Structure formats: structure tokens, C-alpha cells
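Architecture at a glance
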Amino acid sequence: GSLFPYPEMMYHSKYADKPNTNNVWGFKNKRADEIIEKYNGEFDVKERIKMLQELDSIFTSEYMTMLRWYSDNSRLLYWNEFGTPESVMSKYGGYDDSAIQYWWHDEKKAKELEKARANNTKMAPRPEIIKYWENK
């Protein structure tokens, strides 16, 4: 591990379209790239904090992921471009890594999402509540 948070691997555009990287959402943002590149050479801790705060603001405005508080249920927010098992999440483990382990890129859905975003329209929603145990 490093002494400081290291956002490059997860958020720099150069990793967005490469397979097997930590930029799992394909995030690309010119301003974030500029901050990350400057951040890598900055040794003033106060300046690094300011940079991370600006990055946090960019990330949350892009809605890539949603902070989850521990509760007796889970909610998941994502761009509808993935194929998933019927249960969506793991039946046997935690929710933290189910999307990474069980979901796959669905080219047809990705194109449908791209078209919907370009036309400012909506895709057909997935069911809001999935109780896979009731369907067996």
C-alpha cells in the first residue's frame, strides 16, 4: 500500500477501456485526469487533500457508484449495461463484490444505454425488488 490514496488505477481515463484494470466502470473525465496527474507529483499533504476533495466531487457527480450504509437490505445503482444472473447478487456471500464477480458486459444493453443517453430517453427498468427465493 501507499502512504496516500492512489486514485490513478481506479479513475484515470487511460485505464477505462483496458481489460482487467481497477477502472471497472470505464470512467473517463478530462478534469479528473488532470488532477490525478498533478496529484502524483504533489507532496504537500494539504494540496493533496484539496485535490482528493475535488476528485470526490467529480466522482459523486458522475453517479458511478453509491455509498451504501449497512442495513437489513441492499440497494444498487448502476448503468443498465450489464448482464446478471437471475438473483442479480450472490445468494451466498456479501454484496460488496457480487457485481464484479457475477456480472458481465452485455454489448446489446450497452448499445441500448448509449442510444438512450444520446436521445435523453429511458431504458426499460429492471424490477425494483428481486426476491429470487420466491421464484424457485
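Residues numbered from 1 in each chain as written. Predicted model: local features only at pLDDT ≥ 70, side-chain atom pairs only at ≥ 80, totals over all residues. Heavy atoms only, no water.

This next bit is on the overall build of the protein chain. Within the protein chain, the secondary structure is distributed over 5 helices and 2 strands. The secondary structure elements of the protein chain, listed N-terminal to C-terminal, are α-α-α-β-α-β-α. By residue count, 29% of the 136 residues in the protein chain fall in the buried class. In the protein chain, the share of contacts with a sequence separation of at least 24, taken over all contacts with a separation of at least 6, comes to 44%. Surface summary for the protein chain: the accessible area is close to 10,800 Å², and the carbon and sulfur share equals 53%. (Helix = DSSP H or I, 4+ residues; strand = E, 2+ residues; numbered from the N terminus. Buried < 20%, exposed > 50% of the residue type's maximum accessible area, 1.4 Å probe, protein only. Contact = heavy atoms within 4.5 Å. Areas by Shrake-Rupley, 256 points an atom, 1.4 Å probe, with all protein chains shown as cover.)

Of all hydrophobic cores here, the largest spans 11 residues; its members are Y11, F27, A32, I35, I36, Y39, M51, L52, L55, I58 and F59. Take this core: its biggest share by element is 5 residues, from helix 3 (residues 45-62). (Core = buried A, V, L, I, M, F, W, Y, C linked by side-chain atoms within 4.5 Å.)

Using the criterion set out here, one finds 5 salt bridges in the structure. Among the salt bridges present, the one from K28 reaches D17, with a minimum N-O distance of 2.7 Å. Linking K28 in the loop between helix 1 (8-11) and helix 2 (30-39) with D17 in the loop between helix 1 and helix 2, this pair joins segments that are 11 residues apart in sequence. Here K28 falls in the partly exposed class, since its relative accessible area comes to 47%. In this structure, K50 and E47 form a salt bridge, with 3.4 Å as the shortest nitrogen-oxygen distance. Placement of both K50 and E47 in helix 3 is noted, with a separation of 3 residues, approximately one turn of the helix. Within this structure, R31, E34 and E54 form a network of salt bridges that share partners. (Salt bridge = Lys/Arg side-chain N within 4 Å of Asp/Glu carboxyl O.)

A few words now on the environment of S98. Inspection of the secondary structure assignment puts S98 in helix 4 (residues 98-102). Contact partners of S98, with chain neighbours within four places excluded, come to M89, S90 and W103.

Moving on, we come to the packing of aromatic side chains. Tallied over the full model, the rule gives 5 aromatic pairs. Judged by centre distance (6.1 Å) and plane angle (90 degrees), the rings of Y11 and F27 are edge-to-face. Residue Y11 is found in helix 1, and its partner F27 is found in the loop between helix 1 and helix 2; the two are separated by 16 residues along the sequence. Residue Y11 is classed as buried on the basis of its relative accessible area, which comes to 14%. Assessed through its relative accessible area of 4%, F27 is described here as buried. Aromatic pair F27 and F59: ring centres 5.4 Å apart, planes at 80 degrees, arrangement edge-to-face. Taken as a pair, F27 in the loop between helix 1 and helix 2 and F59 in helix 3 lie far apart in primary sequence, 32 residues in all. Just as F27 is buried, F59 falls in that class too. (Phe/Tyr/Trp six-rings, centres within 6.5 Å; stacked < 30°, edge-to-face > 60°.)

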